[in-house]
Amino acid sequence: MQANKLKQLYLDFYKNKNHQIVPSSSIVPENDPTTLFTGSGMQPMMEYFLGVPHPKGSRIVDIQKCFRSQDIEEIGDNRHITFFEMLGNWSFGDYFKNEQLEWLFDFLVNKINLDPKKLFVTVFSGNIKLNIDKDLDSVEIWKKLFSKVGIEAIDIDHSQINGMQAGRIFYFDEKYNWWSRAGVPDNMPAGEPGGPDSEVFYDFGADKKIHENSLFKNQVCHVNCDCGRFLEICNSVFMQYRKQNDGGFIELSQRNVDFGGGFERILAAINDVNDVFMTSIFKDIIEYLEMISNKKYSESEKNKRSFRVVADHLRAAVMLAADGVYPSNKEQGYFSRRLVRRSVRYAKMIGINDLFIKDLVPLIIGLYQDFYPDLLSKSNEIQNVLSQEEKKFAQTIQKGLKEIEKHSVLNGEIAFKLYETHGFPFELTKEIAQEKGQTVSLESFQKAQKAHADLSRSSSSQKFKGGLQDSSVETTRYHTATHLLHAALRKILGKHVEQKGSNITANRLRFDFSHPKALTKEEIIEVENQINAWITESLTVSVKYMKKSEALKSGAIAFFVEKYPEDVTVYTIGNGTDTSWVSRELCGGPHVENTSQIGHIQIFKEQAISNGIRRIYLR
Ligand code: SER
């Protein structure tokens, strides 16, 4: 099925159910400073869940352009993409579970002819602590729907992961079957709406299992195992609750439905091919890349990965540019720059060494111009900005290559110097070394990077000794105290506390954070005592260089995650094993080496600075 046909079928289906069609919002959110990109269809709809009437009524259908920058490094498998479109139907206090699931099933089985035997669903298993029930309503509806097509849908509790067990409906906890902008209930700030959801998976067949990538590689395959056999194609969220200050949930004044269908994934299911890059929305791009590279996409897994990165990244860069995001060093533009540069690098891996972006842009625009007619008028401009970025990066690479020629043996130090002075990517040095029959390991690169950081750290402490920069010693102490304060607030007040800003002088630390109400005297004392306890414990402050995804996986916190580069510096405060730390944050430093160097601290002021944001002064 052609891409545009699927879009039209979906919009028409819901139009017939009295939905109003609305156009996609921009990928750059309007009036939402909490995020750089629209990453799901529901983001532009937030206020309508809370009771503000939508100008077009209580039933809406749309197709939203989305971009998930956190997926950049995931690209390369059969299903992750950074730019995607999300089919969305919305009930703002109108219909609920019955209609939603019934219509969805009808659409999937009768309109786009998916084989119901290949569909599997998950539902929320409930949470006693939060007083939210197991979603038995949805189970009953799914059972009825499947039985109408002659399938007995057995429901299975999946807390004991043990394969499919002939089940059709699986219960999962809030890690899988709960949706809010902030993720699981624990991470939601007070006031945030969320709710249980029910996902639909398409089964491409047991032979499509690619277990190496599975999160559960040592267990029996099941819908959420990520092994390549099953693909989540859509999600119905029953947006029904709102988090309270005490961490509990109350019902919203209206019950809403937020349905999101992964357009490219549904297309893959319709074509019964477990690779979104083989669907009509990517096929032309892949074929064009095959032509100019003289390589075949399916030749090897390595080739596939490179083709997928180039195709994904350029398609995303074009769609971002269409919404005004051009390559730069700042905010959204930084991601556009990364997309273009990464696509150039991966294009090289399949032998594309000439400039190629200018010719590829019109092809991508051609795929979307019927649906987004404004693309056509922007075509020249998009071509120019993206190919300029490609040329700039080509120069960086030229300079780096010249430098490389001067060395007969490459090592981590040279790789780091190239990266430092020319922005020459480590992966490229690594590949060039490989071509020469040499190896440059990531560890050796990181070692050089660390040596460099240590050097600048000790040269600044040299300066401190001179006396002139005494205040810098103070600011370094406060810098580490900032992390302790942040950790103490999160420990004592809750995980909704997020740093919103800070300011350090030689005499004090000022710290802004989210929290709905004034701290009590007792809370202030508790926070203060906690920090002083950590200081007295003489905890080690250690620094590590990691990939951002690795850092986040290891539990590091970071606000405006998207703003950090791929390689990050992570500061951990704590002694003992790797899991028993007090604080772990993405941060540029510098910090003291041991908390004992901070000395006794005291909180001397606490006040509100705006709605939901508090300010603390500490010295
Ligand atoms: N908000 C849900 C999601 O993005 C459904 O639209 O998956």
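Residues numbered from 1 in each chain as written. Predicted model: local features only at pLDDT ≥ 70, side-chain atom pairs only at ≥ 80, totals over all residues. Heavy atoms only, no water.

Chemist: Teacher, can you tell me more about the sheet that holds strand 13 (residues 541-547) here?
Modeler: The strands that make up a sheet are held in pairs by hydrogen bonds between backbone atoms, and each pair lies either parallel or antiparallel. Across the sheet, three strands lie side by side as 13-14-15; this open sheet has antiparallel pairing. This sheet does not close on itself; its edge strands, each paired only once, are strand 13 and strand 15 (583-586). Sheet twist, expressed as the mean angle between neighbouring strand axes with direction ignored, is 25°. Bridge count between strand 13 and strand 14 (residues 567-573): seven bridges; the pairing is antiparallel. Bridged to K544 within strand 14 is V570. (Pairing = 2+ DSSP bridges. Helix = DSSP H or I, 4+ residues; strand = E, 2+ residues; numbered from the N terminus. Axes fitted to C-alpha atoms, helices over the stretch in contact; angles between N-to-C directions.)

Chemist: In this structure, what is going on with the site of the ligand? I would like to understand it.
Modeler: Around the ligand sit S40, M42, R68, M86, W179, N235, V237, D258, F259 and G260, and those are all the residues in its vicinity. Interatomic distance of 3.2 Å between a side-chain N/O atom of W179 and a nitrogen atom of the ligand. The separation between an oxygen atom of the ligand and a polar side-chain atom of N235 is 3.4 Å. Considering the ligand on its own, with 230 Å² of exposed area, one finds that the protein chains cover 96% of that surface. Listing elements by their share of the shell around the ligand, those giving two or more residues are strand 9 (230-243) and strand 10 (249-262). It is strand 10 that provides the largest number of residues to the shell around the ligand, a total of three residues. (Near = heavy atom within 4 Å. Polar contact = N/O pair within 3.5 Å; in protein donor to acceptor, adjacent residues only side chain to side chain. Areas by Shrake-Rupley, 256 points an atom, 1.4 Å probe, with all protein chains shown as cover.)

Chemist: Honestly, the nonpolar core in this entry has me stumped. Any pointers?
Modeler: Nonpolar side chains tend toward joint burial in soluble globular proteins. By size, the foremost hydrophobic cluster in this structure holds 118 residues, and its most contacted members are L108, L119, W142 and I233. Broken down by element, the residue count for this core peaks at twelve residues, all from helix 7 (residues 301-322). Non-local contacts of L108, meaning those with residues more than four positions away in its chain, are made with N113, L114, L119, V200, I233 and C234. Grouped together as the second largest cluster of nonpolar side chains are 31 residues, L493, L509, Y545 and I601 included. (Core = buried A, V, L, I, M, F, W, Y, C linked by side-chain atoms within 4.5 Å. Buried < 20%, exposed > 50% of the residue type's maximum accessible area, 1.4 Å probe, protein only. Contact = heavy atoms within 4.5 Å.)

Chemist: Sorry if this is basic, but what is going on with the sheet that holds strand 11 (residues 499-504) here?
Modeler: Spatially, the four strands line up as an open sheet ordered 11-12-17-16, and their pairing is antiparallel. Here the strands that pair on one side only, and so sit at the sheet edges, are strand 11 and strand 16 (603-610). Geometrically, the sheet is characterised by an average inter-axis angle of 15° between neighbouring strands, direction not taken into account.

Chemist: What is the right way to read the pairing of strand 6 (residues 169-172) from this model?
Modeler: Side chains on a regular strand alternate between the two faces of the sheet. Side chains of strand 6 alternate between two faces, with I169 and Y171 and F170 and F172 buried alike. Here four bridges tie strand 4 (residues 119-124) to strand 6, and the two strands are oriented parallel to one another. Each bridged residue has a counterpart across the sheet, and for F124 the counterpart in strand 6 is F172. In this sheet, strand 6 lies alongside strand 5 (residues 155-157) in parallel orientation, the contact comprising three bridges.

Chemist: Looking at this structure, how should I read the environment of K304?
Modeler: Tracing the backbone shows K304 in helix 7. Of the residues examined, K304 reaches a relative accessible area of 18% and is grouped as buried. For the pair K304 and V61, spaced 243 residues apart in sequence, the C-alpha to C-alpha distance is 35 Å. Apart from the residues lying within four places of it in its own chain, the contact partners of K304 are Y297 and S298.

Chemist: Even after reading the chapter, I still don't get the pattern of salt bridges, so can you show me in this structure?
Modeler: Two side chains that carry opposite charge are able to pair once their charged atoms sit near each other. One pass over the structure, following the stated rule, counts 24 salt bridges. Of the charged contacts in the structure, one is a salt bridge between E290 and K296, with a shortest N-O distance of 3.9 Å. Relative accessible area serves as the criterion here: at 16%, E290 is assigned to the buried category. The partner of E301 in a salt bridge is K304, and the shortest N-O contact between them spans 3.5 Å. Of this pair, E301 and K304 both sit in helix 7, three residues apart, which is roughly one turn of that helix. (Salt bridge = Lys/Arg side-chain N within 4 Å of Asp/Glu carboxyl O.)

Chemist: I tried to follow the packing of helix 7 against helix 9 (residues 357-368) on my own but got confused; where do I start?
Modeler: Helix-helix packing is described using two parameters, namely the angle between the two axes and the distance between the axes. At a minimum axis separation of 10 Å, helix 7 and helix 9 run at an interaxial angle of 70°. When the axes of helix 7 and helix 9 are compared, the pair comes out roughly perpendicular. For the pair helix 7 and helix 9, the contacting residues are L314, R315, V318 and M319 in the first and I357, L360, V361, I364, I365 and Y368 in the second. Of the residues assigned to the contact of helix 7 with helix 9, the class counts are nine nonpolar, no polar and one charged. (Parallel < 35°, antiparallel > 145°, perpendicular 65-115°, else oblique. Nonpolar A, V, L, I, M, F, W, Y, C, P; charged D, E, K, R; others polar.)

The quantities given are spatial measurements derived from coordinates; they are silent on function.
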